[in-house]
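# A look at the structure
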Amino acid sequence: MEVTSVVHSVGFLHSPTHIQRLNGKPFFLSTRPRKVNLPLPCHQYPNYLSNAKSGCSDRTSVIFNSTSATSTATSAAEGSLSEAEKIKQRCLKWQWKGQYSINYFVSSDSPQKLLDNQPPLLLVHGFGASIPHWRRNIKTLAQNYTVYAIDLLGFGASDKPPGFQYTMETWAQLILDFLNEVIQKPTVLIGNSVGSLACLIAASDSSQTLVRGIVLLNCAGGMNNKAIVDDWRIKLLLPLLWLIDFLLKQKGIASAIFERVKQRENLRDVLSSVYGNKESVDEELVEIIREPANSPGALDAFVSIVTGPPGPNPVLLMPKISMPVLLLWGDEDPFTPIDGPVGKYFSSLPSQQENVKLFLLEGVGHCPHDDRPDLVHEKLLPWLASLF
C-alpha cells in the first residue's frame, strides 16, 4: 500500500493467451492483552517446527509447551483483539547485519507432518504498509503452510535509521538474508507493490538458492514513479514530480506534507481511491497505515523513498526468472494499471514464459490480498499446491 499516494494524487502515478472466467467475466490465464514473554532460544533460527540444525529442538518443545499452558489464560482476552492486534502481539525481532532490528511474524496452524512437506511462505508488504496488512490472509495460509511476514527496513515496527538511503536493492538483500539466516528453507515469496519488486529482485539474484517460487500482487515498476517514463501520463507529470522531489528535500516543507499525508481522513480517502472493494477500507486498515507513520524515522524514510532512485526495472528482471511465477493483478489499480506499461508487460508474459501464470482480478485495486482476499486465495492456494 502506498502512503505516498496523497502526494501522488496530483495526477495519475506509478504506473494471444487463454481466456477463462472469473465471476462470469473473462480474465487472463497464463500458458493488547498482557503480553506473555516466553524464552526464544536461538531466535535467529525461529523456524520452531523444524529446528534440528540449530540444536534447539528440546528447548523449542519447552516453548510450545509453555505456549500451550498459557493459551487458555490468554485466549479470552485475545478474542477481543482485532486480527491486526493479534498479529502485532506475536511479532518477533531479528538483527540484520548486527545493527538493524527487523520486525517479523511466523505462524502455522498445521500439523508438523504436513509442514515438513510444504514450503514456507514469506509475505512482503508494499510501500507504507506493514505485516498487519496481511491480516486477512495469514490465518487461511497458515492452515497448510508455515507463514512468515516481514516489515521491511523503514516500515512498520522495523528500524527506521536516520539519514538512511533506501533502495530496492537494499530491501532485496534484506529478503535474501532473512531467507538464509531465519527461514533456512526454500521459500515462496509473496509480495505486493514495491514488496513484489523487492521479491523479484531477490529471486533474480543468481547466487540465491532459497527462493522456490514468487507471487506478485500488482507489482510496482520501481520504488517510485520516476521509473515509468514510457507512460505518457508520467511524462506529462515529470516536471511536477521533480518539483515534489525538490520540495521534499526541504525539511520544513517535507514535514508539513508528511503531516498532511498521514491525517486519518486523508489516508481513508486515498485508500478508498485504490481499493475496488470499499468495504475493505475500515478503521483497522487506516490505523495499519497511520501508526507506523507516527514513529521516529518515518519522515526520513518517506522522503528517501519518494525522492530516491527507482531501482531495477521488472522488464529487465523477469527474463532471469525460471522458477514458477504467479501474477495476480487487480484490474482497477490506479498505480500500476493493467493498461499501463508495467501491466501490459506482465500481461504479455504468459505467452512468452511457460513458468508464468496470470490472473486478472475483476473489480480489485492495488492491494488484492486485502481488497478481495477471497479472490486471491481462490487462485493462490491451488497454485501453491501445484508446486509440489
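A quick note: this is a predicted structure, and the numbers were derived from the prediction, not measured.

With that out of the way, let us pick up the overall build of the protein. Along the backbone of the protein there are 16 helices and ten strands. In the protein, which comprises 388 residues, the share counted as buried stands at 56%. Summed over all atoms, the accessible surface of the protein reaches about 16100 Å², with 54% contributed by carbon and sulfur.

Time to look at the confidence of the model for the protein. It should be kept in mind that the predicted coordinates are not to be read in detail where pLDDT is low. Model confidence for the protein is summarised by a mean pLDDT of 81, while 73% of its residues fall at 70 or above. Contacts from residues 1–76, a stretch scored under 50 in pLDDT, to residues over four places away or in other chains number 168 contacts.

On to the packing of aromatic side chains. Under the criterion given, the structure shown has twelve aromatic pairs. Seen from their ring centres, tryptophan 96 and tyrosine 100 are 5.9 Å apart, and the 45 degrees between their planes marks the pair as tilted. Neither residue differs from the other here; tryptophan 96 and tyrosine 100 are each classed as buried. Ring pairs connect the aromatic residues Trp96, Tyr100, Phe127, Phe155, Phe164, Tyr166 and Trp171, which therefore count as one cluster.

The next subject is the pairing of strand β4 (residues 100–107). Among the eight residues of β4, eight are classified as buried, and the element is accordingly described as predominantly covered. Side chains Tyr100, Ile102, Tyr104 and Val106 project from β4 onto one buried face, and the interleaved Ser101, Asn103, Phe105 and Ser107 project onto a second face that is buried too. Here strand β3 (residues 92–96) folds back onto β4, and the loop between the two strands holds three residues, one of which, lysine 97, carries a positive phi near 55 degrees.

What follows is about the pattern of salt bridges. Using the criterion set out here, one finds 16 salt bridges in the structure. Between aspartate 282 and arginine 136 there is a salt bridge, with the nearest N and O atoms lying 3.0 Å from each other. Pair noted here: aspartate 282 is in the loop between α10 (264–274) and α11 (283–293) and arginine 136 is in the loop between β5 (121–124) and α5 (138–141), with a separation of 146 residues, a long-range link. Judged by its relative accessible area of 23%, aspartate 282 falls in the partly exposed class. Taking the shortest distance from any N to any O, the salt bridge between arginine 372 and aspartate 374 comes out at 2.8 Å. On the basis of relative accessibility, which here comes to 42%, the residue aspartate 374 falls in the partly exposed class. A single network of salt bridges, built from pairs that share partners, joins Arg135, Arg136, Asp282, Glu284 and Asp370.

With that settled, the discussion passes to the packing of helix α9 (residues 251–261) against helix α12 (residues 298–307). Between two packed helices, what matters for the description is the angle formed by their axes and the separation of those axes. Running from N to C, α9 and α12 cross one another at 100 degrees; their axes reach a closest spacing of 10 Å. Considered as vectors, α9 and α12 are oriented roughly perpendicular to each other. For the pair α9 and α12, the contacting residues are Lys251, Ala254, Ser255, Phe258 and Val261 in the first and Ala298, Leu299, Asp300, Phe302 and Val303 in the second. Across the contact of α9 with α12, the residue classes break down as seven nonpolar, one polar and two charged.

Turning our eyes to something else, we now look at helix α7 (residues 194–204). Summarising burial for α7: eleven of the eleven residues are buried, a large majority. Lining the buried residues of α7 we find β5, α6 (168–183), β7 (187–192), β8 (211–217), α13 (314–317) and α14 (341–348).

A few words on the environment of serine 351. Its location among the elements puts serine 351 in the loop between α14 and β10 (356–361). Here serine 348 takes part through its backbone oxygen, which lies 2.9 Å from a polar atom of the side chain of serine 351.

For glutamine 184, which is not glycine, the phi torsion reads 60 degrees and is therefore positive. Of note, the phi angle at serine 193 is positive, near 60 degrees, even though the residue is not glycine. Counting through the fold element by element, serine 193 comes out in the loop between β7 and α7. Under the relative-accessibility criterion, serine 193 is labelled buried at 0%.

Once that is clear, we can look at the nonpolar core. Leu122, Trp171, Ile175 and Phe346 are the most contacted members of the largest nonpolar core, which totals 60 residues. Among the elements that line this core, the one with the most residues is α6, at ten residues. What isoleucine 175 contacts, discounting residues up to four positions off in sequence, is Leu122, Val124, Leu152, Leu189, Ala198, Cys199 and Ala202. By size, the runner-up hydrophobic cluster in this structure holds 28 residues, among which are Leu121, Ile138, Leu326 and Leu361.

Every buried residue of α9 is accounted for by Ala254, Phe258 and Val261. One face of α9 carries all of its buried residues, which in axial projection span an arc of 55 degrees. Residues of α9 that are exposed and angled more than 90 degrees away from the buried face: Gly252 and Arg260.

Right, let's talk about the pairing of β8 for a bit. Across the seven residues that make up β8, a large majority, six, are buried. Looking at chain direction, β7 and β8 are connected through six bridges and run parallel. Each residue of the ladder has a partner; that of leucine 189, found in β8, is isoleucine 214. Between the parallel elements β7 and β8, the chain passes through α7 in a crossover that is right-handed. By the bridge criterion, four bridges tie β8 to strand β9 (residues 325–330) in an arrangement that is parallel. Residue pairing in the sheet places leucine 217 in a bridge with leucine 328 of β9.

Criteria and cut-off values
Residues numbered from 1 in each chain as written. Predicted model: local features only at pLDDT ≥ 70, side-chain atom pairs only at ≥ 80, totals over all residues. Heavy atoms only, no water. Helix = DSSP H or I, 4+ residues; strand = E, 2+ residues; numbered from the N terminus. Buried < 20%, exposed > 50% of the residue type's maximum accessible area, 1.4 Å probe, protein only. Areas by Shrake-Rupley, 256 points an atom, 1.4 Å probe, with all protein chains shown as cover. pLDDT = per-residue confidence, 0-100. Contact = heavy atoms within 4.5 Å. Phe/Tyr/Trp six-rings, centres within 6.5 Å; stacked < 30°, edge-to-face > 60°. Pairing = 2+ DSSP bridges. Salt bridge = Lys/Arg side-chain N within 4 Å of Asp/Glu carboxyl O. Axes fitted to C-alpha atoms, helices over the stretch in contact; angles between N-to-C directions. Parallel < 35°, antiparallel > 145°, perpendicular 65-115°, else oblique. Nonpolar A, V, L, I, M, F, W, Y, C, P; charged D, E, K, R; others polar. Polar contact = N/O pair within 3.5 Å; in protein donor to acceptor, adjacent residues only side chain to side chain. Core = buried A, V, L, I, M, F, W, Y, C linked by side-chain atoms within 4.5 Å. Arc of directions from axis to C-beta. Right-handed = clockwise from strand over helix to strand, strands pointing away.

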